[in-house]
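# Notes for the structure review
Letter by letter, the chains look like this.
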Amino acid sequence: MAKSYEVTKAPAQGTGRRGFFNALASIGASAVTGLVGVKMLESQRAEAAEVPAPLAESTGNVILRMQQDLEQTLASGKTPSWLMVVDTRKCIGCDACSVACRAENPTGPAGNFRRVIKKDLPIGPRPWAIFKPVNCLQCDDAPCARAVPQGMIIKRPDGIVEFDHDKLKGVYAQAAAQACPLKLAHVDDGKTFTQGTPRPQEYENRTFVESGKLYSRKPEGNQLTDVARKCTFCSHLLDAGVLPACVTTCVGGAMYFGDANNSSSLITEITQGRRIFKGHENLGLKPRVIYFTESMPDTPHIECVACHS
Ligand code: SF4
Ligand code: SF4
Ligand code: SF4
């Protein structure tokens, strides 16, 4: 069994050195403008200087490094402990990762595995928005698993939470999806985007691997209808020695992925000493998708308790 990943705990927060998500946490506390009431804090250069700068390497180099890490982990034969890290400072909200996810993991109008949340913030004279990509957190203590009979949702030794599509159907699928506090799982209704139109698209019916089995969403014989589905960390790609699609597609270089058990991996390197939002600890999720909480150097930022208590 893989050990749980470990990250350096964030230091106590000062008033001027606030993390990104923690920063989002005080919207509504002190109104600067209008309804939402945003409290904007001036970033302080001296404090920003304490924050590690975003990695200087190009996106390509980082992906190459993560790919080499992945191959090293698989070659070692040791059980990995997969961890996904998001640097929201680099996310530009382009949704390329969501498109890549849909292309890699066919889903229909009923839901998708990944989305990018945009939050408009009424601060200052210029438009201001932040972007937060979200997908299943692969919780080490998963509420979805607690909501259904044992064996329907499996925790893989590498940390991936796997839905058993042969068992997690009907009312159990609904129960699992509803139990996810962040609504990161959905029940597939079997519909495609183009069915019933003059030009149904064959690519929507292509075969694909999910959780170790071959599927197709063809209207006739679709075994995923009425089944709960969610992000798998692209386990079919990992098992073949390839990084998840959203990671390799990220044009902003905001996505990191790797084995937290590998002390020489990039994922271990970049999480050391960083301020990290593991999030929703009150829900006991123990997520394997975590976020850097550092503010942009030299950039005013906000606090937002309205979204994150
Ligand atoms: S994020 Fe939701 S669907 Fe994913 S493991 Fe946690 S509770 Fe389950
Ligand atoms: S890891 Fe794969 S399944 Fe999960 S969000 Fe990324 S592309 Fe989608
Ligand atoms: S591809 Fe990268 S930059 Fe674009 S929305 Fe996704 S995480 Fe953000």
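Quick caveat: nothing in here was measured; it's all calculated off a predicted structure. Each chain carries its own residue numbering, running from 1 in the direction its sequence is written. All chains are assigned letters beginning at A, and all ligands numbers beginning at 1, according to the order in which they are written. For a predicted model such as this one, the threshold for reporting local features is a pLDDT of at least 70, and the threshold for listing and counting side-chain atom pairs is 80 or more; totals across whole chains, interfaces and linings nevertheless cover every residue. As a rule here, side-chain values come from all non-hydrogen atoms in the structure, and water together with hydrogens is ignored.

### Topic: the site of ligand 3
Near ligand 3 there are 13 residues, and of these Cys91, Cys94, Asp95, Cys97 and Cys250 occur at the shortest range. Every element with two or more residues in the shell around ligand 3 is listed here: α4 (96–104) and β3 (114–120). For the shell around ligand 3, a count of residues per class yields 9 nonpolar, 2 polar and 2 charged. A cutoff of 4 Å decides nearness: a residue is near a molecule or strand if any of its heavy atoms lies inside that distance of it. Labels follow the DSSP assignment, with helices taken as runs of H or I lasting at least four residues and strands as runs of E lasting at least two, numbered in each case from the N terminus. Any residue outside Ala, Val, Leu, Ile, Met, Phe, Trp, Tyr, Cys, Pro, Asp, Glu, Lys and Arg is labelled polar, Gly included; the first ten of those are nonpolar and the last four are charged.

### So, the site of ligand 2
What surrounds ligand 2 is a group of 13 residues, the closest being Cys101, Asn105, Cys231, Cys234 and Cys246. In the shell around ligand 2, the residues fall into 9 nonpolar, 3 polar and 1 charged.

### A short note on α4
Among the residues of α4, those classed as buried are Cys97, Ser98, Ala100 and Cys101. Each buried residue of α4 lies within a common arc of 160 degrees when the element is viewed along its axis, so the set occupies one face. Relative accessibility under 20% of the residue-type maximum defines a buried residue, over 50% an exposed one, and the middle range a partly exposed one, all with a 1.4 Å probe and only protein chains included. What the arc describes is the spread of directions from the helix axis to the C-beta atoms.

### Here's the deal with the environment of Val86
As for its placement among the helices and strands, Val86 is situated in strand β2 (residues 82–86). Classification of Val86 by relative accessible area gives buried; the value is 1%. Between the C-alpha atom of Val86 and that of Val289, which follows or precedes it by 203 residues, the distance is 7.5 Å. Note on contacts: a residue pair is in contact if any heavy atoms of the two residues lie within 4.5 Å. Residue contacts for Val86: discarding those within four places in its chain leaves Pro133, Ala254, Met255, Val289, Ile290, Tyr291 and Phe292.

### Brief notes about the environment of Thr73
Looking at the secondary structure, you find Thr73 in helix α3 (residues 59–76). Classification of Thr73 by relative accessible area gives buried; the value is 4%. Sequence separation between Thr73 and Ser265 is 192 residues; the distance between their C-alpha atoms is 8.9 Å. Side chain to side chain, Thr73 and Asp259 meet in a polar contact 3.2 Å long. For this analysis, a polar contact is any N or O atom pair within 3.5 Å, provided that within protein one partner can donate a hydrogen and the other can accept it, and provided that sequence-adjacent residues contribute only side-chain to side-chain pairs.

### Re the packing of aromatic side chains
Geometrically, a pair of aromatic rings is defined through the distance of the ring centres and the angle of the planes. Pairing of aromatic side chains here covers Phe, Tyr and the six-membered ring of Trp, requires ring centres within 6.5 Å, and sorts the geometry by plane angle: under 30 degrees stacked, over 60 edge-to-face, intermediate tilted. Within the structure shown, the criterion is met by 4 aromatic pairs. Consider the rings of Tyr256 and Phe292, whose centres lie 6.5 Å apart with planes at 50 degrees: the pair is tilted. Taken together, the positions of Tyr256 in strand β11 (residues 255–259) and Phe292 in strand β13 (residues 289–292) put the pair 36 residues apart, joining distant regions of the chain. The buried category is assigned to Phe292, whose relative accessible area is 1%. Feature note: the residues Trp82, Phe233 and Phe257 constitute an aromatic cluster, connected by ring pairs. When the NZ atom of lysine or the CZ atom of arginine is within 6 Å of a ring's centre and also within 35 degrees of its normal, the charge is said to sit over that ring. Sitting over the ring of Tyr291, Lys132 keeps its end group 5.0 Å from the ring centre. Against the face of Phe163 rests Lys230, its NZ or CZ located 5.2 Å from the ring centre.

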